[in-house]
Amino acid sequence: MSVARGETVGIVGSSGRGKTTLALILCGLMDFDAGEIVFQGVSIRSGNRKAWKPLRSRIQIVWQHPETAFNPRWKMRRSLLEPFRLHGIPVSEEFLEQMPAQVELGIDVLERRPDCLSGGELQRLAIGRALASKPRLLILDEPTSMLDTVTQARILHLLKEIQRATGISYIFVSHDHRLVRLFSDRALALEDGILREFSMEREVSG
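Sequence order sets the numbering: in each chain, residues are counted from 1 along the sequence as written. Residues qualify for local features only when their pLDDT is at least 70, as the model is predicted, and side-chain atom pairs are given and counted only at 80 or more; totals for whole chains, interfaces and linings, by contrast, use all residues. Hydrogens are left out, water is left out, and the side-chain values use all remaining heavy atoms of the structure.

Engineer: How would you summarise the overall build of the protein if you had to cite specific residues and measurements?
Structural biologist: Each helix and strand counted, the protein has six helices and eight strands in total. With C-alpha atoms as the basis for the radius of gyration, the globule rule is written as 2.2 Å multiplied by the number of residues raised to the power 0.38. Here the C-alpha atoms of the protein give a radius of gyration of 17 Å, agreeing with the 17 Å that 2.2 N^0.38 yields for 206 residues. Expressed along its principal axes, the backbone C-alpha trace of the protein runs to roughly 50 × 45 × 30 Å. Each residue's exposure class comes from its accessible area (1.4 Å probe, protein chains only) as a fraction of the maximum for that residue type: buried when under 20%, exposed when over 50%, partly exposed otherwise. For the protein, with 206 residues in total, the buried portion stands at 44%. For the protein, long-range pairs separated by at least 24 residues make up 65% of all intrachain contacts whose partners lie at least 6 apart in sequence. In this description a helix means any DSSP run of H or I spanning at least four residues, a strand means any run of E spanning at least two, and both kinds are numbered starting from the N terminus. Any two residues whose heavy atoms approach within 4.5 Å are treated as being in contact.

Shown next as structure tokens:
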């Protein structure tokens, strides 16, 4: 498979077909048995973990369950700072306070814990934290499946606005054929461990 700059490629398939496994491989969190990944001209073959190090900030992932992305005992301020602390990257107070605004949230969320925020707010903050390192590829693993329809639409609209502004590429993983067709430029179906072309024509019922 390939993903161009500013493109959204959907990966669709039913539960248990390996969509999340593929997402983990593509962001370097799981090793693969054969083949290679080429990202912006850099080749990563199976088992070459050192090659991933300079790419960590350029490939990010947003998970299905936003509540699992944050420590429940920490205020959001600390959770948003944690990736920078782990990598030894200094972050100004001004930069931190701009992060919620980039995902259309108020600065007050920085002083709240995860259980004081809605699922939609947590997913926006997860997206904001993933985007803070200015990645070129964002992998979205069922990012809206736990949200209501209205919040789902707002999150997808926000992601499209960010893509138009930055030129970021997305891999959108979902079991929802309708969402894949709405959000993606093109899509692939994962069936029996093989990626096949997925029709972007809308299904007609009745």
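Engineer: Residue-level account of the sheet that holds strand β7 (residues 186–191), with values.
Structural biologist: Each pair of strands is called paired provided DSSP finds at least two bridges between the two strands. Taken in spatial order, the six strands of this open sheet run β4-β5-β6-β1-β7-β8, and their pairing is mixed. The sheet is open, and its two borders are formed by β4 (59–62) and β8 (194–197), each paired with just one other strand. With strand direction ignored, the average angle separating the axes of adjacent strands in the sheet is 25°. Pairing geometry for strand β1 (residues 8–12) and β7, over four bridges, is parallel. Considered in β7, the bridge of Val 12 is made with Ala 189. Running at roughly 175° to β4, helix α4 (residues 119–131) makes contact with β4 and β5 (137–141) of the sheet. Only the contacting stretch of a helix is used when fitting its axis, a line to C-alpha atoms as for every element, and angles between N-to-C directions run 0 to 180 degrees. Of the strands in this sheet, β1, β5 and β6 (169–174) are in contact with helix α5 (residues 149–166), which crosses β6 at around 160°.

Engineer: Can you break down the packing of helix α2 (residues 76–86) against helix α3 (residues 93–102) residue by residue, with the values?
Structural biologist: Taken N-terminus to C-terminus, the directions of α2 and α3 make an angle of 115°; their axes are 11 Å apart at the nearest point. Considering only the axes of α2 and α3, their crossing is right-handed. Residues Arg 77, Leu 80, Leu 81 and Phe 84 of α2 form the contact with α3, whose own contacting residues are Glu 93, Phe 95, Leu 96, Glu 97 and Met 99. Here the residues of the contact of α2 with α3 sort into six nonpolar, no polar and three charged. Left-handed describes a crossing in which the near helix is turned anticlockwise from the far one by less than a right angle; the clockwise case is right-handed. Any residue that is not Ala, Val, Leu, Ile, Met, Phe, Trp, Tyr, Cys, Pro, Asp, Glu, Lys or Arg is counted as polar, Gly included; the first ten are nonpolar and the last four charged.

Engineer: Tell me about the pattern of salt bridges, residues and numbers included.
Structural biologist: A pair is scored as a salt bridge if a Lys or Arg side-chain nitrogen falls within 4 Å of a carboxyl oxygen belonging to Asp or Glu. For the structure shown, the criterion picks out eight salt bridges. For Glu 111, the salt bridge is made with Arg 77, and the minimal N-O distance between the two is 2.7 Å. A residue pair is termed long-range when its members are at least 10 positions apart, and Glu 111 in the loop between α3 and α4 and Arg 77 in helix α2 qualify at 34 residues. Residue Glu 111 is classed as partly exposed on the basis of its relative accessible area, which comes to 41%. Since its relative accessible area comes to 21%, Arg 77 is described here as partly exposed. In this structure, the salt-bridge partner of Glu 161 is Arg 164, at a minimum N-O distance of 2.5 Å.

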